[in-house]
Amino acid sequence: MAALLLRDLKLSVRAGGGALIGVLFFITVVAVIPFGVGPDLNLLSRIGPAIVWIGALLSALLGLDRMFQTDREDGSLDLMLMQEHPLVLTVLVKCLAHWIGNGLPLVIASPLLGLFMNMDEVAIGATMLTLLVGTPALTFIGAVGAAVAVTLPRGGLLVSILVLPLAVPVLIFGVSASYAAVEDPAPFLPPFLILVAITMFFAVLGPLGAALALRNADD
């Protein structure tokens, strides 16, 4: 499992530079917002957490279709299906590697973009914390879509269509928790704990659904 984790981390860096492309896309999405909104710093600070979260969500969709596609092309997927280890565990490790290579860089880049959106320290910290908790859920959801589209030569659009509706609750509670941290009447813990529960929920169902889809695709 450790060898698989290291292998997938290397592939995430080498195969098209997925991590770098995701971060650059993240920066681009957030950077163009002030040009459309205007130089109103108060408005930018109010919408900052939502914009950062939307940019992270769109960036997380990039490269999801390659989560299992590369393994199918080089024959590694067939070996994974025949190995003695449970396929669910293998999928879980691949999800972890994908998040470290693609989701974690978005979390690390978020404070810089928070400053760009004129967010204060509390809002930046809350947004970063919610991204740290919420982006793994996007990976687990994306694993199911990637497994469904693994047999398609160009399944990137299909993966995005499948994943986006399921990712909306993650976006809603991630943004709600970020805003609650800077608004005194609104408590931070309820939306944050719901976000944690969503991530744990998909951490269980995501690998199970992806493993089942991969088995069906192999048949």
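The numbering scheme is per chain: residues are counted from 1 as the chain's sequence reads. Only residues with pLDDT of at least 70 are given local features in this predicted model, and only at 80 or more are side-chain atom pairs given and counted; all residues enter the totals for whole chains, interfaces and linings. Hydrogens and waters are ignored; side-chain quantities use all the structure's heavy atoms.

Going by the annotation in an unreviewed UniProt entry, the name recorded for the protein chain is Heme exporter protein B, with Rhizobium soli given as the source organism. UniProt positions are given in the numbering used here, feature names are shortened, and annotations may be inferred rather than shown by experiment. You can read under Function (unreviewed entry) in the UniProt record for the protein chain the words "Required for the export of heme to the periplasm for the biogenesis of c-type cytochromes."

Caption draft 1: Fine view of the overall build of the protein chain. The number of helices and strands found in the protein chain is nine helices and zero strands. Every helix listed is a DSSP run of H or I at least four residues long, and every strand listed is a run of E at least two residues long, numbered separately from the N terminus. Starting at the N terminus, the α and β elements of the protein chain follow one another as α-α-α-α-α-α-α-α-α. The contact rule is simple, with two residues in contact once any of their heavy atoms fall within 4.5 Å. Within the protein chain, contacts between residues at least 6 apart in sequence are counted, and of these 79% link residues at least 24 apart.

Caption draft 2: Quick peek at the nonpolar core. In plain words, nonpolar cores are sets of buried Ala, Val, Leu, Ile, Met, Phe, Trp, Tyr and Cys residues tied together by side-chain atoms within 4.5 Å. Burial classes follow relative accessibility: with a 1.4 Å probe on protein chains only, a residue under 20% of its type's maximum area counts as buried, one over 50% as exposed, and anything between as partly exposed. One finds Phe26, Phe68, Val91, Val170 and Leu214 to be the most contacted residues of the largest nonpolar core, which totals 55 residues. Mapped by element, the contributors of at least two residues to this core are helix H2 (18-37), helix H3 (41-61), helix H4 (66-74), helix H5 (76-82), helix H6 (87-116), helix H7 (121-148), helix H8 (156-182) and helix H9 (189-218). It is H7 that contributes the most residues to this core, eleven residues altogether. Ignoring any residue separated from it by four or fewer positions in sequence, one finds Phe26 in contact with Val52, Gly55, Ala56, Ser59, Leu106, Ala109, Ser110 and Leu113.

Caption draft 3: Spatial organisation of H3. Taking 1.5 Å of rise per residue, the 21 residues of H3 would be expected to cover 30 Å, and the 29 Å separating its terminal C-alpha atoms lies within 8% of that figure. Remark: the principal bend of H3, roughly 50 degrees, maps to Gly48, with a proline, Pro49, within the next four residues. Distance and chemistry together define a polar contact, namely a pair of N or O atoms within 3.5 Å, with one atom able to donate a hydrogen and the other to accept it when in protein, and with adjacent residues in sequence counting only for side-chain atoms on both sides. At the N-terminal boundary of H3, the capping side chain belongs to Asp40, with an oxygen 3.2 Å from the backbone nitrogen of Asn42. A positive phi of about 80 degrees marks Gly63, the residue just after H3. Here the expected span of a helix is defined as 1.5 Å times the quantity of residues minus one. Fitting axes to the seven residues that end at a residue and to the seven that start at it, the angle between those axes gives the bend at that residue.

Caption draft 4: Region of the structure containing the packing of H6 against H7. Axis angles are defined between N-to-C directions and span 0 to 180 degrees, where every axis is a line fitted to C-alpha atoms and, for a helix, only to the segment in contact. At a minimum axis separation of 9 Å, H6 and H7 run at an interaxial angle of 150 degrees. With respect to H7, the element H6 is oriented roughly antiparallel. Two packed elements cross with a definite hand, and for H6 against H7 that hand is right-handed. Contacts from Leu92, Cys95, His98, Trp99, Leu104, Val107, Ile108, Ser110, Pro111, Gly114 and Leu115 of H6 reach H7 at Ile124, Met128, Leu131, Leu132, Thr135, Pro136, Thr139, Phe140 and Ala143. When the residues that make up the contact of H6 with H7 are grouped by side-chain class, the tally is 15 nonpolar, five polar and no charged. Angle categories are assigned with fixed cut-offs, so that under 35 degrees is roughly parallel, over 145 is roughly antiparallel, 65 to 115 is roughly perpendicular, and the rest are oblique. Should the near helix be turned counterclockwise from the far one by less than a right angle, the crossing is left-handed, whereas a clockwise turn marks it as right-handed. For this classification, Asp, Glu, Lys and Arg are treated as charged, while Ala, Val, Leu, Ile, Met, Phe, Trp, Tyr, Cys and Pro are nonpolar and the rest, including Gly, are polar.

Caption draft 5: Highlighting the environment of Met119. Mapped onto the fold, Met119 is located in the loop between H6 and H7. Owing to a relative accessible area of 6%, Met119 belongs among the buried residues under this scheme. Along the sequence, Met119 and Ser45 sit 74 residues apart, while their C-alpha atoms lie 4.7 Å from each other. Setting aside residues up to four positions removed in sequence, Met119 forms contacts with Ser45, Gly48, Pro49, Val52, Gly114, Ile124 and Thr127.

Caption draft 6: Inspection of the packing of aromatic side chains at higher detail. Centres within 6.5 Å are what make two rings of Phe, Tyr or Trp a pair, Trp counting through its six-membered ring; a difference in plane orientation under 30 degrees is then read as stacked, over 60 as edge-to-face, and the rest as tilted. Within the structure shown, the criterion is met by two aromatic pairs. Ring geometry for Phe188 against Phe192: centres 5.0 Å apart, planes inclined by 25 degrees, an arrangement best described as stacked. You can call Phe188 partly exposed: its relative accessible area is 23%. Ring geometry for Phe201 versus Phe202: centroids 5.3 Å apart, planes at 75 degrees, classification edge-to-face. Accessibility expressed as a relative area gives 16% for Phe202, which makes it buried.

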